[in-house]
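Coordinate analysis (summary)
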Amino acid sequence: MIRNYIYPLLLLLVLSLGGVQAQEVPWMSWEEAVQKASTEAEPKKMFIDVYTDWCGWCKKMDKDTFQDSEVAAYMTENFYMVKLDAEQKEPIEFGGKTYTFVASGRRGYHQLAAALLQGKLSYPTVVFLDENLKMLSPVPGYQKKDAFLKIARYFGENIYRDTSWEAYSGQSR
């Protein structure tokens, strides 16, 4: 009778231990990513997840998209990954300028987030920068795994250099 319970428990244990391990996304601070980009011989591009603590879609994208093992593996290999709280209070130095928090309404915003989002404070928005920390593109809105990977590969594999987004994504008329 005990065997009837032991085998299913052992099977469950084996499956849970031997199953697919989720890859953790190695999120960095802005400063850490800029440091790596300036010191490594072959720097990666930078990916910034601009979010707020109150944004439900940001949390959903973090859970459903960024924590997906395929997404995490691709992004880890090709980008320095930064989480930037668009409402953080701490100043950030970059490019000879100090970006600070600006009180506005009930919440406010961080000047670096506003600069990266080109003044369009919409969350979630992800931003891609090249190896020299120059803007490639902000991408606003929640993205599911497959759509996100298509965008990430467009920038990560330098497809953007030779092919328009419309042609790459099949949206040309």
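Now for a description of the structure that goes with this document. (Residues numbered from 1 in each chain as written. Predicted model: local features only at pLDDT ≥ 70, side-chain atom pairs only at ≥ 80, totals over all residues. Heavy atoms only, no water.)

On to the overall build of the protein chain. Per the secondary structure count, the protein chain includes seven helices and nine strands. A total of 173 residues make up the protein chain; the buried ones form 38% of that total. Within the protein chain, contacts between residues at least 6 apart in sequence are counted, and of these 61% link residues at least 24 apart. (Helix = DSSP H or I, 4+ residues; strand = E, 2+ residues; numbered from the N terminus. Buried < 20%, exposed > 50% of the residue type's maximum accessible area, 1.4 Å probe, protein only. Contact = heavy atoms within 4.5 Å.)

Moving on to the packing of helix α4 (residues 69-78) against helix α6 (residues 145-156). Their axes nearest at 11 Å, the elements α4 and α6 cross at an angle of 15°. Accordingly, the angle class assigned to the pair α4 and α6 is roughly parallel. α4 and α6 meet at a crossing whose hand is left-handed. Contacts from Glu70, Val71, Tyr74, Met75 and Asn78 in α4 reach Lys145, Phe148, Leu149, Ala152, Arg153 and Gly156 in α6. (Axes fitted to C-alpha atoms, helices over the stretch in contact; angles between N-to-C directions. Parallel < 35°, antiparallel > 145°, perpendicular 65-115°, else oblique. Left-handed = near helix turned anticlockwise from the far one by under 90°.)

For the structure shown, the criterion picks out 10 salt bridges. Several salt bridges converge on common partners, so that one network encompasses Asp68, Glu70, Lys145, Arg153 and Glu157. (Salt bridge = Lys/Arg side-chain N within 4 Å of Asp/Glu carboxyl O.)

Let's shift gears to the nonpolar core. Of all hydrophobic cores here, the largest spans 25 residues; its most connected members are Trp30, Met46, Ile48, Val50, Leu84, Leu116 and Leu129. For this core, the elements supplying multiple residues, two or more each, are α2 (30-39), β2 (45-51), β3 (79-85), α5 (111-116) and β8 (125-129). The contacts of Met46, once residues within four sequence positions are left out, are Trp30, Ala33, Val34, Phe79, Tyr80, Val82, Val127, Phe128, Leu129, Asp130 and Leu133. By size, the runner-up hydrophobic cluster in this structure holds 19 residues, among which are Val25, Met75, Leu149 and Ala152. (Core = buried A, V, L, I, M, F, W, Y, C linked by side-chain atoms within 4.5 Å.)

Buried residues dominate β3, accounting for six of its seven residues. When strand β1 (residues 27-28) meets β3, the two strands line up parallel, connected through two bridges. Residue Trp27 lies in a different strand from β3, and its bridge partner there is Met81. One ladder, built from seven bridges, connects β2 with β3; its direction is parallel. Of the residues in β3, the one forming a bridge with Phe47 is Met81. (Pairing = 2+ DSSP bridges.)

Once that is clear, we can look at the sheet that holds β8. Ordered by their spatial adjacency, five strands build an open sheet running β1-β3-β2-β8-β9, and the pairing between neighbours is mixed. The two strands at the open ends of the sheet, each matched to only one other strand, are β1 and β9 (135-140). Here β8 pairs with β9 via five bridges, running antiparallel. When the sheet's bridge partners are listed, Thr125 is paired in β9 with Pro140. Here helix α3 (residues 56-66) sits on the sheet and contacts β1, β2, β3 and β8; the angle it forms with β2, its principal contact strand, is near 140°. The strands that α6 touches are β2, β3, β8 and β9; relative to β8, the one it contacts most, it runs at about 20°.

Next up on the list: α3. Residues spaced three or four apart along an α-helix face the same direction, because each turn holds 3.6 residues. Residues of α3 that are buried include every one of Cys58, Met61, Thr65 and Phe66, and no others. For α3, the buried positions fall inside an angular range of 70° around the axis, keeping them on one side. Exposed residues pointing more than 90 degrees away from the buried face of α3 are listed as Lys59 and Lys63. The elements touched by buried residues of α3 are β1, β2, α4, β8 and α6. (Arc of directions from axis to C-beta.)

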